Structure formats: structure tokens, C-alpha cells
Amino acid sequence: MHPIQDKWDGIYGKASANGRPEPALVLKQYDYLLPGQGRALDLACGLGGNALFLAERGLSTTAWDLSAVAIARLRQVAADDQLDLVCEVRDLEKEPMPQSSFDVVVVSRFLDRNMNRSLAAALRPGGLLYFQTFVADKDPAIGPVNSAYLLRENELASTFEDLILRAYCEAGQTGDRARGFRNEALLVGQKPLNAVEQDDVEKR
Ligand SMILES: C[S@@+](CC[C@H](N)C(=O)[O-])C[C@H]1O[C@@H](n2cnc3c(N)ncnc32)[C@H](O)[C@@H]1O
């Protein structure tokens, strides 16, 4: 068992069963960029606010998380609402992402820098990555304290520089801090239609 599975199972076990989990702002705000059909992935989905949103939009959706509690709850909601949503307990550190498999990948409030390269590789040409998570330059009372889980300035943009930027926001502490999207950065990036797959590079 992954060392942090217990922690997340405990958190989700205590979470209220009332109400539906919300999708991340990056997905709500830029939902008009989504394709009308295709395969979507909610990575480290938790209770699956993003996955439910994507499946309700008609995308054939997969949701992965290492918390068996979260996945069981999400699976039940998907079954009750007859959604096209496959939910799986999966340790993302152990099981590699399949390449060129998804039209949409969503990552919210999860950061594993070792995985970022495979995220872009998991997109099909023309596919979209929606990414939103906490930055180091934030209100210390909000989000994680461990810097391993916090984005540095411009890190999100530079990490996914091979994607075409369709949306980006990282306000930091600039200007009127009572306004705007703060404490997190968000990105929507699109894989170029002519992107060269990693597999192809390695075969050369
Ligand atoms: C802060 S929560 C975010 C959940 C959801 N994406 C959201 O925005 O509400 C981080 C999630 O990452 C999951 N997680 C952490 N490490 C993981 C791993 N190695 N494999 C799969 N899931 C992991 C946890 O179980 C937890 O549900």
C-alpha cells in the first residue's frame, strides 16, 4: 500500500456525502474549449468533481486515484447517474500513463514533477491538458506547506512549453490581492496536431 493512502482514505471517509464535488475553476472557466466527444482522464481525482463534470459533458471519462474510499464513492455516484465514467484505484507512481490515449487530461491540486512529462505524452494530438494547483507565492494559511507540492513562478508554463497555451493565470501577490484568482496557477495547454510522440523519438 502507498504510504499516503491511509491519510487520503481517512480524509475522504470523513468528507460529507451530501452535495456533489465541484470541478476545478480551470475546467469550469474554460469548459468552452472542451471537445464534444472523446476520452478524458481525471488524474488523482479525489472525489471526482472534474470527472463528473467531464462525463456529464458527454466525454468517455476515466478517473484514477490511490484512495479506495474516494474511488468507491465516485463509482457509486457514476452508477446512480448512469454516467460513462470508469473509476479505478491506481497508484500513479507505480503504473505509467498510457501514451497518446486521451483527448482531455485534468489535474487539479496534485503535483508530482516526475509525472509531468508523461502527462503531455498521454494526450492525443490536439488534446487538452487542464492543470491547476497551488503556488509557493500564496497565502500561507491556504493549501499545502510542503514546497514539493507548490509550483515555482512560471513553472507551470515552462513545464508544458511544448503545448500551445490556450489559457494561463498566475497572479502571485501582484496588485489588489483581494481580487482575482490567487494562491494557485492554472493552465490549459493543447498538444500540437503534428507533435512527435516520445515512442517515435526513442525508435529513431
Ligand atoms: C489534494 S487531493 C486533490 C483531489 C482532486 N484532484 C481535487 O482537485 O479535488 C490529491 C489527491 O491525489 C491523490 N494521490 C496522491 N498521490 C497519488 C498517487 N501516487 N497515485 C494516485 N493518486 C494519488 C490523493 O489520494 C488525493 O485524492
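Structure's up top.
Residues numbered from 1 in each chain as written. Predicted model: local features only at pLDDT ≥ 70, side-chain atom pairs only at ≥ 80, totals over all residues. Heavy atoms only, no water.

A. A look at the overall build of the chain. Along its length, the chain carries seven helices and seven strands. Shown N-terminal to C-terminal, the secondary structure of the chain runs as helices and strands in the order α-α-β-α-β-α-β-β-α-β-α-β-β-α. Radius of gyration (C-alpha) of the chain: 17 Å, near the 17 Å computed for a compact globule of 204 residues. Once the C-alpha set of the chain is aligned to its principal axes, its extents read approximately 45 × 45 × 35 Å. Counting the 204 residues in the chain, one finds 44% classified as buried. Averaged over its 23 positive side-chain charges, the chain has a centre that lies 2 Å from the centre of its 29 negative ones. (Helix = DSSP H or I, 4+ residues; strand = E, 2+ residues; numbered from the N terminus. Rg over C-alpha atoms; globule rule 2.2 N^0.38 Å. Buried < 20%, exposed > 50% of the residue type's maximum accessible area, 1.4 Å probe, protein only. Lys, Arg positive; Asp, Glu negative; His and termini not counted. Charge placed at Lys NZ, Arg CZ, Asp CG, Glu CD.)

B. Region of interest: the pairing of strand β1 (residues 39-43). Among the five residues of β1, four are classified as buried, and the element is accordingly described as predominantly covered. Two strands pair when backbone bridges link them, and β1 and strand β2 (residues 60-65) are joined in this way by five bridges, in the parallel orientation. In the strand pairing of β2, A40 is matched with T61. As for the winding sense of the linkage, the β-α-β connection from β1 through helix α3 (residues 49-56) to β2 is right-handed. (Pairing = 2+ DSSP bridges. Right-handed = clockwise from strand over helix to strand, strands pointing away.)

C. Spotlight on the layout of surface pockets. A volume near 1,100 Å³ is recorded for the largest pocket. Lining of the largest pocket is provided by 38 residues; of these, W8, A44, S108, R109 and F110 occupy positions nearest its centre. Elements with a contribution of two residues or more to the lining of the largest pocket: α1 (5-14), α3 and β5 (123-134). Considered class by class, the residues forming the lining of the largest pocket number 20 nonpolar, seven polar and 11 charged. (1 Å grid on protein atoms, 1.4 Å probe; cavity = no way out; pocket = protein on both sides within 12 Å on 5 of 7 lines; lining within 4 Å. Points joined across faces, edges and corners; volume = space filled by probe spheres on them. Nonpolar A, V, L, I, M, F, W, Y, C, P; charged D, E, K, R; others polar.)

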